[in-house]
Every structure is written in C-alpha cells, then in structure tokens.
Amino acid sequence: MISRRILRELLQQPLGPYHDKDVLNEECRPPGQSKLFLYSFVLEHTGLVVGLDESEKPLEGQVEDHRKFRFRGTLKIGDPDWLSDWGVKLVETELDLRWSEWTLREGVRRGPPLTLKELYDNGQLKYSGSERGDSGDDCELLLRIQGERGQPAVFMRADPAKDGLLWTSKDRFRQYEVLTMDVATYSFSENFFWRYRLLALMKEINGSWTSTSRILLIRRGINIRRVIYDSADSDMDEERTPRTPRQPLRVHKSEILGVFAAHAEWLVTNEVARRNKIFDVKVWDRFRKRVKKERREAARNGVVWGWPIGQEPLVEDPISSASSEEDEDNIVERNPVIGKPTPLIQRKLEIARKKRLNTRRRIESSVSESESDVQGHAYASDFSGDSDSPWEPEEFPTADKEVLRLVPWQFTIPPDATGRWQCPLPSCQYKIDLRHLTEENKRDVDDRIIRYLMRKEWQNVYMDDAVVRGFLQMVRNHYDSHLVEFGVKIVKEGSRERLERINPLPQGVESHLLRGRLPPKGSLRGESTATRFHVIE
C-alpha cells in the first residue's frame, strides 16, 4: 500500500486537464448540493485568456450565440462515483504514471497499480461533501476540468449561489459555483462583477430602506452598512457583522458616485428591459447624461473619473462634447441586453424618458457639518428629484399661490401606467384596478369607456387612448373629492381651469399652508402637470 506521504506528494498538483464530458458522471455532485465547486477558474476564447466582461456581453438582438468560450478549473473529487467508468480509467492511469516516475526518481520498487476505490475505501483519499474541505491528514483528489460555456454566467442572482458566481457547462448543463478565479480572468471580469454588485446593492436598498435612507446612504457612503459580504468569512456572525471590531474606511461620495457613473449606461439599458423595475429609469438616464459632463470636467482637472475599468480614455484622446452627443444614440448598441433586439430597447428607453418624474420633496441630509463634504466639485448629482421650492407667480398664472399651497404634496405623485393605483394620502385606502372596477371607480366616467374597460379586450394601458382617458378620469374624480376636503375647488373659465378657495378667508386672516402642488391631471405620456391640467372630455 502506498504511504500517505507519497500519495500527498503525487497529488500535490491536480491531475488532468480532462474534458468534463469524458470524466464526470451524470450524478456528479456533493450530497445535498445541486452544484459543484470550482477553484482557479480560467476562461479562454480563440486561444486567449479572457474574462466575463467579454463572455457575458451579449450579441445584439435575438441571434444565436455561436461563440465558444472554454473554461478550466480545479474540482475536488469527493467520491469515486462522481467519475464515469472512462474517467476512472483516465485518472488511475495518470496517477499510476506519476507513481512510476516517482519510484524511478527515488530508486525504490513500486507496488501494485493504484485504484481509486481502494484509496477511498482505505481512507487515504477523503470523501467530502464540503466545498471547503476539512483539515486533517487525508489527501484530496484534485482534477483540472475543462469544458464549454453552456449558459450565461449568473452573479449574486441565483438561488444555488446567492452571494457568488454560478457557471454552467455545456455538458448536461452541469452547474459550478466558482470559488476562486485565475488572476488574468478576474482582471478581465471586474466590470461584470461591479455591475451585478451594484444591482444587488440597489435591490437591498429598495427592499430595506425608505427613500430618505437611500439618499443618506449615497451621501454618507456605502460603508455605513456591510451589504456585500463574504459568507465564508470565519469572523462573520449570523447577523452579517464582524466579531472583531473594525473601523470602516470613510469613502468620499465622489468615489461612490464614480462607481455608479462607470456603469450608468449598462444599468439604464438593462433596467428598461426588466419587468420588475428596481429604480426610476428617467432619473438615472438624467444622471447618465450628467456623467458625461462630469467626466469632461474631471479630465480638465487631470482626473479620470466615472469610467468602466479598462475603458478609460488616453491622455492624447480628450473627451469632446461633440463626440459625446454623437454617441448618445449608441447607448443601447454599446450595452446590448440578452435576447432583446436593439430597436425594442431603444423604444422602451424613449418611453421611459417621456414618463413623468415622481417629483417628491427634496430630502435633506442629516449629516452634521463635521461630516459633510468640503465645498467644491464632488461629482454629485441627480439621485434626488426636483426640489419643491416655493412657487413663483408666473409658474401658475391660473391660480393663487396661497391656494396652491393648500394642496398636499402627495398629489404630485403621478399614476403609474400599470392600471393599478392607490390614493397616495396615508389616511386614504381608495384603490383603482382597471381589471376589477368597483361601482365607486365607475362614478362620473363615460359609459362607453366603462363598457370598453369591462370587456377587457385591451392589452396595454399606456398605448390605449380610451383606457388612459378612463383611468385619468377616475383618478381626477377621486382627487376632486379630496380637494373639497382641503377647501379648494376647480373653476372652469372657457378652455382653462383654475383653483380657488371654496370659502375665501376674511381679510387679514392667515391660512394654514400645506406644502404641495396641483394634483396630477396630465396624460401618462410625459406631459407636465406643473403647468396645466389635462382636460378629459
């Protein structure tokens, strides 16, 4: 029998490489796991080492991807049954060859041929269902596995690997969680990782905190909470906090915004294709455009800011405003979406740009003066909506400014084009669902529109004029009832409308002002409600 010391020396380097389709069994996986664990992952295309930035950049449109990306990685074999019959023969042959070379080099007589079953049964090779492995004297059988990409890589989005990278092989669509990566491949994958880290962060922000917290998070630094962490860190407790006290690094907000700015184009084009939206596309599209100006301003000061890794401009290739304007139409071409044609994404982006913004009051930061940033150019920007500054008389020529301030600010929230709406006032539970209308919803709405809605032959709220008119009329009817409660009524003068008090205050009496704007009566196609009502006949 071979000694453990000699066996450990023979297995110091992984065996292989082998094609995964040749050596791995169909049921190759640790007990209770749906995936294997891969180490030292490296990716290759046309003979060159590449990264996920290249392999995961989709081709334009709904075309079949014939590119071949081959991968290699080290796999710990925890059971000889993971190997096919042919795989067992290949591994035993190479292991036996290494033993023969060792005995010749050391000048000793070798024993009978080695078999994997015997080595595992004798405890010389370790059975393991753990991706990390246990410490001890047992040797581990490591194989270099090679295969082809079967499906796009998934990072921080898949249930089998919620905090990691899930890779799928073409052979039986076998899944691997990549635990470590070759340095070269990692360096060509950093943009891919940053984009999905940002998405994961934004999802958690959306799901966990109020809008106030979101703004404060961006302004005060991501380091206030360790959202992205390593679940394998032995110093991490169940609450995702380190046991050893650590002083977080204070990161300037321009550095944080620079990370978002570097991937703003990708975030925008992928968000418009998403069914369940994470953020307001129009706000982020404005931020993306602002980024171009900030990059030029930073370049004038000798600073490279807000660029994806590896795409920074050369010093002799300055950024011009003209070239930026020419590239505006190519945003979708530069950032294609898997399985989506460019014209479709471009159309969705145009629709998102026309949609009205949710203009809530600006949220003020509670950061103390000692924590606030030094005044200057910090590449801040458009994470918050328009400010609700006091109105000037010329903004609303058809209404008195004092009357306008009686309208709650929640009335500035535009109805979404989903066909479902709930009154934004906290104390009101009124709802509209165009596919499940109530008698109250139907009140004072054209009978022809109601009959059309009840037939449910329409598909898209946004593109159907009759549905839009009916929806907006229902919203307006409900707002009218609230206006009466606030002592305000709508008076029609010819083709124009204005707001006035139901009971004018006696001279010299001051009103109790509620900061707010006119209720949203414009169309869902982006028409501004800040300047006029959209009259529904």
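A quick note: this is a predicted structure, and the numbers were derived from the prediction, not measured. (Residues numbered from 1 in each chain as written. Predicted model: local features only at pLDDT ≥ 70, side-chain atom pairs only at ≥ 80, totals over all residues. Heavy atoms only, no water.)

Novice: Please clarify how the overall build of the protein should be interpreted in this entry.
Specialist: A tally of regular secondary structure across the protein gives 18 helices and 11 strands. Of all 537 residues assigned to the protein, the portion counted as buried reaches 42%. The contacts in the protein between residues at least 6 apart in sequence include a share of 69% that link residues at least 24 apart. For the protein, the computed accessible surface area is about 30000 Å², with 48% contributed by carbon and sulfur atoms. (Helix = DSSP H or I, 4+ residues; strand = E, 2+ residues; numbered from the N terminus. Buried < 20%, exposed > 50% of the residue type's maximum accessible area, 1.4 Å probe, protein only. Contact = heavy atoms within 4.5 Å. Areas by Shrake-Rupley, 256 points an atom, 1.4 Å probe, with all protein chains shown as cover.)

Novice: What am I meant to see in the pattern of salt bridges here?
Specialist: Pairing between side chains of opposite charge can happen when their charged atoms approach one another. On inspection of all chains with the given rule, the structure shows 30 salt bridges. For Glu 106, the salt bridge identified is with Arg 105, shortest N-O distance 3.9 Å. By relative accessible area, which is 54% here, Arg 105 ends up exposed. The shortest N-O distance in the salt bridge between Arg 420 and Asp 433 comes to 3.6 Å. Of this pair, Arg 420 sits in strand β8 (residues 420-422) while Asp 433 sits in strand β9 (residues 431-433), and the two are 13 residues apart along the sequence. A relative accessible area of 52% means that Arg 420 is categorised as exposed. If you follow the salt bridges from partner to partner, you end up with Asp 285, Arg 288, Lys 289, Glu 350 and Arg 353 in one network. (Salt bridge = Lys/Arg side-chain N within 4 Å of Asp/Glu carboxyl O.)

Novice: Sorry, what's going on with helix α11 (residues 281-300) here?
Specialist: An α-helix turns once per 3.6 residues; consequently, residues spaced three or four apart project the same way. When the terminal C-alpha atoms of α11 are compared, their 29 Å separation across 20 residues agrees well with the 28 Å that a helix rising 1.5 Å per residue should span. The positive-phi residue at the C-terminal boundary of α11 is Gly 302, with phi of around 75°. (Expected span 1.5 Å × (residues − 1).)

Novice: Teacher, can you tell me more about the pairing of strand β4 (residues 70-77) here?
Specialist: Note on strand geometry: in a regular strand, side chains alternate between the two faces of the sheet. Across 5 bridges, the pairing between strand β2 (residues 36-45) and β4 is antiparallel. Counted as the bridge partner of Val 42 is Arg 72 from β4. Where β4 and strand β5 (residues 141-155) come together, 8 bridges link them in antiparallel fashion. When the sheet's bridge partners are listed, Leu 75 is paired in β5 with Leu 143. (Pairing = 2+ DSSP bridges.)

Novice: What's the story with a positive patch on the surface in this structure? I'm lost.
Specialist: Side chains of Arg 275, Lys 277, Lys 340, Arg 347 and Lys 348 sit close together on the surface and give a patch of like positive charge. With respect to the secondary-structure elements, Lys 340 resides in the loop between α13 (331-334) and α14 (342-354). (Patch = residues over 30% accessible without salt bridge, like charges linked within 9 Å, V, L, I, M, F, W, Y side chains within 5 Å. Lys, Arg positive; Asp, Glu negative; His and termini not counted. Charge placed at Lys NZ, Arg CZ, Asp CG, Glu CD.)

Novice: I tried to follow the environment of Pro 343 on my own but got confused; where do I start?
Specialist: Mapped onto the fold, Pro 343 is located in helix α14. Relative accessible area serves as the criterion here: at 54%, Pro 343 is assigned to the exposed category. C-alpha separation for the pair Pro 343 and Glu 333, spaced 10 residues apart in sequence, amounts to 9.6 Å.

Novice: Would you mind showing me how to read the packing of aromatic side chains here?
Specialist: Each aromatic ring pair is described using two quantities: the centre-to-centre distance and the angle formed by the ring planes. Within this structure, the stated rule accounts for 16 aromatic pairs. Ring centres of Tyr 186 and Phe 193 lie 5.6 Å apart, and the angle between their planes is 25°; on these two criteria the pair is classed as stacked. A residue is classified by how much of its surface remains accessible, and Phe 193, at 5% relative accessible area, is buried. Pairing Phe 192 with Tyr 196 gives two aromatic rings, centres 5.0 Å apart and planes at 55°, and the pair type is tilted. Linking Phe 192 with Tyr 196, this pair stays in helix α7 (residues 190-208), spanning 4 residues, or about one helical turn. Taken together through their ring pairs, the aromatic side chains of Phe 155, Tyr 186, Phe 192, Phe 193, Tyr 196 and Trp 266 make up a single cluster. Positioned above the aromatic ring of Trp 194, the side-chain terminus of Arg 197 is 5.4 Å from the ring centre. (Phe/Tyr/Trp six-rings, centres within 6.5 Å; stacked < 30°, edge-to-face > 60°. Lys NZ or Arg CZ within 6 Å of the ring centre and 35° of its normal.)

Novice: Explain the confidence of the model for the protein here, please?
Specialist: In regions of low pLDDT, the predicted coordinates are not meant to be interpreted in detail. This prediction gives the protein a mean pLDDT of 75; 71% of its residues lie at or above 70. Here residues 130-135 scores under 50 on pLDDT; set against residues more than four positions off or in separate chains, the count is 13 contacts. Note on residues 359-399: pLDDT under 50 across the span, and 82 contacts to partners over four residues away in sequence or across chains. (pLDDT = per-residue confidence, 0-100.)

Novice: Which parts of the structure should I look at to understand the packing of helix α10 (residues 264-272) against α14?
Specialist: Relative orientation and spacing of two packed helices are given, respectively, by the angle between their axes and the distance between those axes. Close contact between α10 and α14 brings their axes to 9 Å; oriented N to C, the two are set at 95°. As the angle between them shows, α10 and α14 are arranged roughly perpendicular. When α10 is examined against α14, the residues Val 268, Thr 269 and Val 272 are found in contact with a partner set consisting of Ile 345, Lys 348, Leu 349 and Ala 352. Considering only residue class, the contact of α10 with α14 consists of 5 nonpolar, 1 polar and 1 charged. (Axes fitted to C-alpha atoms, helices over the stretch in contact; angles between N-to-C directions. Parallel < 35°, antiparallel > 145°, perpendicular 65-115°, else oblique. Nonpolar A, V, L, I, M, F, W, Y, C, P; charged D, E, K, R; others polar.)

Novice: Where do I start with helix α18 (residues 465-485) in this structure?
Specialist: For α18, spanning 21 residues, the distance from its first C-alpha to its last is 31 Å, which sits close to the expected 30 Å at 1.5 Å a residue. Positive backbone phi, approximately 80°, marks Gly 487, located one or two places after α18.

Novice: What is the right way to read the state of the cysteines from this model?
Specialist: A complete count under the given rule lists 0 disulfides for this structure. No disulfide involves Cys 423; its sulfur sits 3.8 Å from the nearest other cysteine sulfur, which is in Cys 428. (Disulfide = S-S within 2.5 Å.)

Novice: Sorry, what's going on with unusual backbone geometry here?
Specialist: Only a minority of non-glycine residues have a phi that is not negative, and only a minority of peptide bonds are not trans. Geometrically, the link from Gly 16 to Pro 17 is a cis peptide bond, its omega value of 15° lying close to zero. One non-glycine residue, Thr 46, adopts positive backbone phi at about 50°. Relative to the assigned elements, Thr 46 resides in the loop between β2 and β3 (48-50). Of the residues examined, Thr 46 reaches a relative accessible area of 60% and is grouped as exposed. The phi dihedral of Phe 173 falls on the positive side, at around 50°, and the residue is not glycine. One can find Phe 173 in the loop between β6 (165-169) and β7 (175-178).

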